Amino acid sequence: MTAVVLNVTVTAPTASGYLTVYPDGAPRPTVSNLNFSAGEVIPNLVVVPVVNGKVDFYNGTGGNVHVIADVAGYFSN
């Protein structure tokens with residue numbers, strides 16, 4: 001697998017912020033995949049390269065957030 005298509009949903013954030021999904025072990029990009037307000041539930045479709053079978057998630061808030069990631073598809077060589 002070279003990349004994965006994820007339906008990523010943020011629920012119950014305790015503060016406004018953003019979520020970034022990126023390849024495992026790669027430097028975190030300076031862009032976000034989801035931007036949200038405290039208490040908001042928001043989804044977004046994300047395509048991200050897979051490294052060693054993994055992707056990483058970064059919670060760019062001063063609080064907590066629940067993240068649901070459903071695989072919608074994938075790419076392979």
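These remarks concern the structure in this document. Note that the structure is predicted; figures quoted are calculated from it, not measured. (Residues numbered from 1 in each chain as written. Predicted model: local features only at pLDDT ≥ 70, side-chain atom pairs only at ≥ 80, totals over all residues. Heavy atoms only, no water.)

## Some points on the side chain of D56
The condition is simple: Each helix is a run of H or I in the DSSP string that is no shorter than four residues. Each strand is a run of E no shorter than two, and both are numbered from the N terminus. When accessible area is computed with a 1.4 Å probe and restricted to protein chains, residues below 20% of their type maximum are described as buried, those above 50% as exposed, and intermediate ones as partly exposed. A residue counts as positive if it is Lys or Arg and as negative if it is Asp or Glu; His and the chain ends are not included. Every case where a carboxyl oxygen of Asp or Glu lies within 4 Å of a side-chain nitrogen of Lys or Arg is listed as a salt bridge. Throughout this description, a polar contact denotes any pair of N or O atoms lying within 3.5 Å of each other; where both atoms belong to protein, one of them has to be capable of donating a hydrogen while the other can accept it, and for residues adjacent in sequence the pair is counted only when both atoms sit in side chains.
As for its placement among the helices and strands, D56 is situated in strand β5 (residues 55–60). K54 is the oppositely charged side chain nearest to the buried, salt-bridge-free D56, at an N-O distance of 7.2 Å. Side-chain polar atoms of D56 contact the backbone nitrogen of G25, separated by 3.3 Å.

## Concerning unusual backbone geometry
Phi at A12 is positive, roughly 55 degrees, even though this residue is not glycine. By secondary structure assignment, the location of A12 is in the loop between β1 (3–11) and β2 (17–23). By relative accessible area, A12 is classed as partly exposed at 44%. Located in the positive-phi region is N52, a residue other than glycine, with phi close to 55 degrees. Mapping N52 onto the fold places it in the loop between β4 (42–49) and β5. Classification of N52 by relative accessible area gives exposed; the value is 69%.

## Examining the nonpolar core
Test applied: Here, nonpolar core means buried Ala, Val, Leu, Ile, Met, Phe, Trp, Tyr and Cys residues that are tied together by side-chain atoms lying within 4.5 Å of each other. Contacts are assigned to residue pairs that have any heavy atoms within 4.5 Å of one another.
Among the nonpolar cores identified, the biggest contains 12 residues, and these are V4, L6, V8, V10, L19, V21, L34, F36, V46, V48, V50 and V65. Of all the elements in the fold, those that place two or more residues in this core are β1, β2, β3 (34–36) and β4. Ranked by the residues each element gives to this core, the list is headed by β1, at 4 residues. Apart from the residues lying within four places of it in its own chain, the contact partners of V46 are V4, V5, L6, V8, V21 and N33.

## Focus on the pairing of β2
This is how it is decided: Criterion used throughout: strands pair if DSSP finds at least two bridges between them.
Most of β2 is tucked away: 6 of the 7 residues are buried. Bridge count for β2 against β3 is 3 bridges, and the pairing is antiparallel. If you follow G17 over to β3, its bridge partner there is F36. In this structure, β2 lies alongside β5, joined through 6 bridges in antiparallel fashion. Bridge assignment links Y18 to a residue of β5, and that residue is G60.

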